[in-house]
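Inside the fold
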Amino acid sequence: GVALLVVGAGMDLGFPINKKNWSSSYVVFMSGWALVILGACYYVIDVLGWRRWCVPFLVLGTNAIVAFFASGILARLMGMFKFASGDKVLNVKEWTYSFFTATFSGPKNASMAWALCYVGLWVILLIPLYWKRIFVKI
């Protein structure tokens, strides 16, 4: 992983890291980060035995297709239902996001908080499936 980070950073000198175009330097650099993080997770979870913090990832991973499919449907539904809020007409997604923009400083922080809460919602909704050992597979 570290070797790929070094190679990707070296490639950046001649061929810039560009996420939008998926440049080869971007792919090599991000592959390095993925391997470094995978190695860190292996060390922390399997070698040191610290497993409690990764339960939300386990819950999402065991029913990933349910989370993907249902979260897409809910996101579309949140965009469809509209109501009046003061002098504006907002859909549910815009209304909940406006709460986050009022609470957190800046749109980047608000967007991150909204996304984390949305993922957290799906972790909570999938916990009963995990407890009952119901795993949807294709």
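Structure report, in brief. Owing to the predicted nature of the structure, the values given are computational and were not obtained by experimental measurement. Residue positions are counted from 1 within each chain, in the order its sequence is given. Where local features are concerned, this predicted model is filtered to residues with pLDDT of at least 70; where side-chain atom pairs are given and counted, the filter is 80 or more; whole-chain, interface and lining totals use all residues. Heavy atoms from the whole structure form the basis of all side-chain values; hydrogens and water molecules are not counted.

**Examining the packing of aromatic side chains**
Centre-to-centre distance and the angle between the planes together describe a pair of aromatic rings. Selection criterion: Ring pairs are drawn from Phe, Tyr and Trp, using the six-membered ring of Trp, whenever the two centres fall within 6.5 Å, and their geometry is named by plane angle: stacked under 30 degrees, edge-to-face over 60, tilted for the rest. For helices the rule is a DSSP run of H or I covering at least 4 residues; for strands it is a run of E covering at least 2, with both sets numbered from the N terminus onward. Throughout this description, buried means an accessible area under 20% of the type-specific maximum (1.4 Å probe, protein chains only), exposed means over 50%, and partly exposed covers the range between. Charge-over-ring contacts are defined here by two conditions on Lys NZ or Arg CZ: a distance within 6 Å of the ring centre and an angle within 35 degrees of the ring normal.
What the rule picks out here adds up to nine aromatic pairs. An angle of 85 degrees between the planes, with centres 6.5 Å apart, marks the rings of Phe29 and Trp33 as edge-to-face. With a gap of four residues between them, Phe29 and Trp33 both fall in helix 2 (residues 24–47), about one helical turn apart. Trp33 gets classed as partly exposed once you look at its relative accessible area, which sits at 39%. Counting every residue linked through ring pairs, the aromatic cluster contains Phe99, Phe100 and Phe104. The ring of Tyr130 carries the charged tip of Arg133 above its face, separated from the ring centre by 5.0 Å.

**Observations regarding the pattern of salt bridges**
Convention followed: Think of a salt bridge as a Lys or Arg side-chain nitrogen and an Asp or Glu carboxyl oxygen that are within 4 Å of each other.
Within the structure shown, the criterion is met by one salt bridge. In this structure, Arg51 and Asp46 form a salt bridge, with 3.9 Å as the shortest nitrogen-oxygen distance. On the basis of relative accessible area, Arg51 is assigned to the partly exposed category, the value being 47%. A residue is classified by how much of its surface remains accessible, and Asp46, at 45% relative accessible area, is partly exposed.

Nothing here speaks to function; it is geometry throughout.
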